Amino acid sequence: MWEELQTHIEQLEKKAQKRALVNVESDGCFIRIDGQHAFNFSSNNYLGLANDERLIQASMEATRTYGVGATASRLVVGNHPLYEQAEDVLIRWKGYEAALIVNSGYTANVGILSSLAGRDAVIFSDKWNHASIVDGAILSRAEVKRYRHADIDHLETLLKKTDKHKRKLIVTDTIFSMDGDVAPLRELVSLKEAYGAILVVDEAHASGVYGKNGEGMAHECQVAQHVDVHMGTFSKALGSYGAYVAGKRVFIDYLINTMRPFIFTTALPPSVLGAIYAAIDVVQKEPARRYHLCALSDHFRTRLQQAGFHIGESTTHIVPLIVGDNERALAFSARLRERGIFAVAIRPPTVPEGTARIRFSLMATMTKQQIDWALEHICAVGKEMGLIA
Ligand SMILES: *Cc1c(COP(=O)(O)O)cnc(C)c1O
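Model, not experiment: these values are computed from the prediction.

Rules and cut-offs
Residues numbered from 1 in each chain as written. Predicted model: local features only at pLDDT ≥ 70, side-chain atom pairs only at ≥ 80, totals over all residues. Heavy atoms only, no water. Pairing = 2+ DSSP bridges. Helix = DSSP H or I, 4+ residues; strand = E, 2+ residues; numbered from the N terminus. Contact = heavy atoms within 4.5 Å. Axes fitted to C-alpha atoms, helices over the stretch in contact; angles between N-to-C directions. UniProt positions renumbered as here; feature names shortened; annotations may be inferred. Buried < 20%, exposed > 50% of the residue type's maximum accessible area, 1.4 Å probe, protein only. Near = heavy atom within 4 Å. Polar contact = N/O pair within 3.5 Å; in protein donor to acceptor, adjacent residues only side chain to side chain. Areas by Shrake-Rupley, 256 points an atom, 1.4 Å probe, with all protein chains shown as cover. Nonpolar A, V, L, I, M, F, W, Y, C, P; charged D, E, K, R; others polar. Phe/Tyr/Trp six-rings, centres within 6.5 Å; stacked < 30°, edge-to-face > 60°. Patch = residues over 30% accessible without salt bridge, like charges linked within 9 Å, V, L, I, M, F, W, Y side chains within 5 Å. Salt bridge = Lys/Arg side-chain N within 4 Å of Asp/Glu carboxyl O. Parallel < 35°, antiparallel > 145°, perpendicular 65-115°, else oblique. Left-handed = near helix turned anticlockwise from the far one by under 90°.

Quick look at the sheet that holds strand β13 (residues 345-346)
- Judged by pairing direction, the sheet is antiparallel, and its three strands sit side by side in the order β11-β14-β13 without closing on themselves. Two strands in the sheet have a free side with no partner beyond their single neighbour: β11 (318-324) and β13.
- In this fold helix α14 (residues 326-338) packs onto β11, β13 and β14 (356-361), with an angle of close to 35° to the strand it touches most, β14.

Considering the UniProt feature "modified residue: N6-(pyridoxal phosphate)lysine" (unreviewed entry) in the protein
- According to UniProt, the "modified residue: N6-(pyridoxal phosphate)lysine" (unreviewed entry) feature falls on K236.
- Looking at where K236 falls in the secondary structure, it is placed in the loop between β9 (229-233) and β10 (243-247).
- A residue is classified by how much of its surface remains accessible, and K236, at 14% relative accessible area, is buried.
- Those residues in contact with K236 that lie beyond four places of it in its chain are N44, N45, Y46, A204 and H205.

A word on the site of the ligand
- As a structural note, the neighbourhood of the ligand is formed by 14 residues, with G105, Y106, D202, H205 and K236 the closest of them.
- In this structure, an oxygen atom belonging to the ligand sits 2.6 Å away from a side-chain N or O atom of H205.
- Computed on the free molecule, the ligand has an accessible area of 380 Å², of which 86% lies beneath the protein chains in the complex.
- It is helix α5 (residues 105-116) that provides the largest number of residues to the shell around the ligand, a total of three residues.
- Considering only residue class, the shell around the ligand consists of two nonpolar, nine polar and three charged.

Considering the packing of aromatic side chains
- The tally for this structure, following the rule as stated, stands at eight aromatic pairs.
- Relative to F300, the ring of F41 lies with its centre 5.5 Å away and its plane at 25°, an arrangement referred to as stacked. Of this pair, F41 sits in the loop between β3 (36-40) and α2 (53-66) while F300 sits in helix α13 (residues 287-307); the two residues are 259 residues apart in sequence, bridging distant segments of the chain.
- Seen in terms of ring centroids, F300 and F360 are 5.3 Å apart; in terms of plane orientation they differ by 70°. Their pairing is edge-to-face. Of this pair, F300 sits in helix α13 while F360 sits in strand β14, placing them 60 residues apart in sequence. The pair formed by F300 and F360 is uniform in burial state, with each residue classed as buried.

A few points about a nonpolar patch on the surface
- A contiguous nonpolar patch, built from M1, W2 and L5 and spanning about 410 Å² of accessible area, is present on the exposed surface.
- Topologically, W2 is positioned in helix α1 (residues 2-14).
- With a relative accessible area of 67%, W2 lands in the exposed category.

A closer look at the packing of helix α7 (residues 152-160) against helix α8 (residues 185-194)
- Relative to each other, α7 and α8 sit at 15°, their axes nearing to 11 Å. Taken as axis vectors, α7 and α8 run roughly parallel relative to one another. In the packing of α7 onto α8, the handedness of the crossing is right-handed. Facing I152, L155, E156 and L159 of α7, the residues of α8 in contact are E187, L188 and L191.

Printed below as a string of structure tokens:
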């Protein structure tokens, strides 16, 4: 048996798809990786809040008051008072009737889909959706129809072919993790209304960054009130850990009673709830962070395109530089690293075959000077490798 596993790993290595862990310490927009100091283009800490003094303080105070562990699941004795506080501010921020904080974005998606969709339901899922949505759909035992990425016509064709009486869920990331492009939310709302479907959106990369008060992309596109299930995380722009689900009261009550990854797991440690509470406050009070991030991202994308790079359909702070071949993507990343820049190569199966890429994610704590410095090196490597003229 162990030999089979060894063979599997060797096959991955041959395709330049083997993954391994490295030790990383981060410090603002720099990291120390294998002892080397590098400018960090790989973090999801979009607003720089992971090292924010206010979040650190709130998290330490929560530990002092409530201890290091929640000691049980929320439905047993793990529901410490910080949950109610954080859910109250969350509801006011997002503007939904009710909200539930759960342990991670991964468990949120697995839980929402398996709770809302059963054997008789049909889940319509964008082909580029996050792995947690893919896994949730499988676990639900519902029929899964994957539509071509952001292809509204394809989705409509699939909806037309589906039994009217079946429960239908349309599920999409709002910003796609590996491409930084945005789902056609307005069109999805029209379709979900026309076909009586439930619309589920995953704001993992948008919460804290888009929307007038950083609520997310559904708010930015002014369709938030038409979204039935609004899910997002505290682990990216909000700097710490955990996730939320927001929507109608009856839906949240239903989840509390049926969502297995909520019921059968220990509640989050109080320190995490302290950080979440502080982060929701900072995000709303400091819009300058997201304005700067968006301006910086616009500049970065424009310059890459002018240089002749292919960056797909990105319009956000997540910017893919599409290289194509796995080995070349790895080589590109290694050469950047020699120049003090850390940006990971993303390869299949995370992205489609032949679209291996460098994924850059920007942070609000970066400066324009730093980005210009990085652009010079990216362009130099692009020329060395014959990717641009
Ligand atoms: C990161 C991510 C998740 C998972 O969130 P975690 O809190 O890290 O478990 C879910 N969906 C999307 C789109 C993500 O990018």
